[in-house]
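Close look at the chain arrangement
Here are the chains, one letter per residue:
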Amino acid sequence: MVQRSLLYSPGDDRRMLEKAVETAADTVIFDLEDAVAPASKEGARRTVRSTLDALDDPVPNVAVRVNPYDLSGQADVDAVVGDVATPPDSVLLPKVNDADPVEALHDQLADLGASDVGIVPLIETAAGVLSADDIAAAPGVTAVAYGDQDFTADIGATVTDDKTESLYARQRTVVAAAAAGVDAFDTVHTDIEDVAGLREQTEFVVELGFDGKLAIHPNQIPVINEAFTPASDELEWAEKVLAGQERASEADAGVFTVDGQMIDPPLVERARTIVRRAEAAGIR
């Protein structure tokens, strides 16, 4: 499933969780980490667990962000995966510095009989950025996400409007994801009222190669979805490429041209991505 927009919702608020599932987000993330106060963690587990079991074939994917694995993450997984009738589609694992906690989570999910639950490590520390290749390639990983707030704090960077201080980390995340064959999700835009800034930032990360973007408010979802939705000329090009690829395969040809452009396998894959995003947006 294409995941253009991923909306966080606090795990201790049942009403907000239920409303989040009704938004246009491709994925809703029930959050047990930053959105929940320490004293409310246990209650949030119960709320997320009961909400998961009450969901009736939700349209969006449903994920749960647990706490760091070496803190209460393992217990979170037992509660929201092992003790539920309808486990989430994926687990977001925060502050991953290397592949070890990802491998431990993969083993835990297997022990719970939930190997089909995907793992999305959050790369949000200097160590995590340097280990991005190993993290993205770890077993069970279906995507990696970049977290800007923790990363810039970790390296002591000055946060700027154009985000030059995080460009390297974003590119490392995208490259590691591409090399591992998994998706890459960009960080949240924290200023809910800054629609123009969100649009500009999202269009930029689309150009970098990200597959989706995290969100903290439902009003951000239309902007993100629009940025990741192909324009009509892009979709027209992609459909021509896929039609040409089919004809080339029937003729046992390696490469072919579309509108004078030589098309090779990477461009065919790009065309497939455009078509998948168009289908997710309902324009194809």
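Read on for a plain summary of the structure.

Parameters and conventions
Numbers given to residues run from 1 along each chain, matching the order in which its sequence is written. With the structure being a predicted model, the display of local features is reserved for residues of pLDDT at least 70 and the display and counting of side-chain atom pairs for 80 or more, all residues being used for whole-chain, interface and lining totals. Where side-chain values are given, they derive from all heavy atoms of the structure, hydrogens and water being excluded. Labels follow the DSSP assignment, with helices taken as runs of H or I lasting at least four residues and strands as runs of E lasting at least two, numbered in each case from the N terminus. A helix is expected to span 1.5 Å multiplied by its residue count minus one. The cut-offs for exposure are 20% and 50% of the maximum accessible area for each residue type, with area from a 1.4 Å probe on protein chains only; residues under the lower value are buried, those over the upper are exposed, and the others partly exposed. By definition, two strands form a pair when at least two bridges between them are found by DSSP. An axis is simply a line fitted to the C-alpha atoms; with a helix, the fit covers only the stretch in contact. Between two such axes, the angle follows the N-to-C directions and lies from 0 to 180 degrees. Between two residues, a contact is recorded if the distance between any of their heavy atoms is within 4.5 Å. By definition, a salt bridge exists where a carboxyl oxygen of Asp or Glu is found within 4 Å of a side-chain nitrogen of Lys or Arg.

Let's talk about helix α8 (residues 167–180)
Since the α-helix advances by 3.6 residues per turn, residues separated by three or four positions end up pointing in the same direction. A rise of 1.5 Å per residue sets the reference length of α8, with its 14 residues, at 20 Å; its end C-alpha atoms lie 20 Å apart and thus fit the reference within 8%. For α8, the full list of buried residues reads A169, R170, R172, T173, V174, A176 and A177. At the exit of α8 stands G181, carrying a positive phi of roughly 75 degrees.

Some remarks on the pairing of strand β2 (residues 27–31)
Counting buried positions along β2 yields five of five residues, so the element is predominantly enclosed. Every second residue of β2 is oriented toward a common face, with T27, I29 and D31 on one face and V28 and F30 on the other, all of them buried. Direction of pairing for strand β1 (residues 5–10) relative to β2: parallel, over a ladder of five bridges. Residue pairing for β2: S9 is matched across the bridge by F30.

Re the sheet that holds β2
The eight strands lie next to each other as β1-β2-β3-β4-β5-β6-β7-β8, forming a closed barrel whose pairing is parallel. Across the sheet, the axes of successive neighbouring strands diverge by a mean angle of 25 degrees, strand direction being ignored. In this structure, strand β3 (residues 61–65) lies alongside strand β4 (residues 90–93), joined through three bridges in parallel fashion. The residue of β4 that forms the bridge with V64 is V91. Sheet contacts for helix α1 (residues 14–21): β1 and β2; angle to β1, the most-contacted strand, approximately 165 degrees.

Observations regarding the environment of A179
Mapped onto the elements of the fold, A179 is located in helix α8. The spatial distance from the C-alpha of A179 to the C-alpha of E226 is 26 Å, given a sequence separation of 47 residues.

With respect to unusual backbone geometry
A positive phi is found at K163, a non-glycine position, where the angle reads about 60 degrees. Considering the arrangement of structural elements, one finds K163 in the loop between α7 (148–155) and α8. Residue K163 is classed as buried on the basis of its relative accessible area, which comes to 16%.

Details of the pattern of salt bridges
This model, assessed by the stated rule, comprises 21 salt bridges. When the shortest N-O distance is used, the salt bridge between E269 and R276 registers 3.6 Å. Overall, E269 belongs to the partly exposed group, its relative accessible area being 37%. Residue R284 pairs with E279 through a salt bridge whose shortest N-O separation is 2.8 Å. Since its relative accessible area comes to 48%, R284 is described here as partly exposed. Accessibility expressed as a relative area gives 43% for E279, which makes it partly exposed. Among the charged side chains, a salt-bridge network with shared partners connects D31, E33, D34, R65, K95 and D150.

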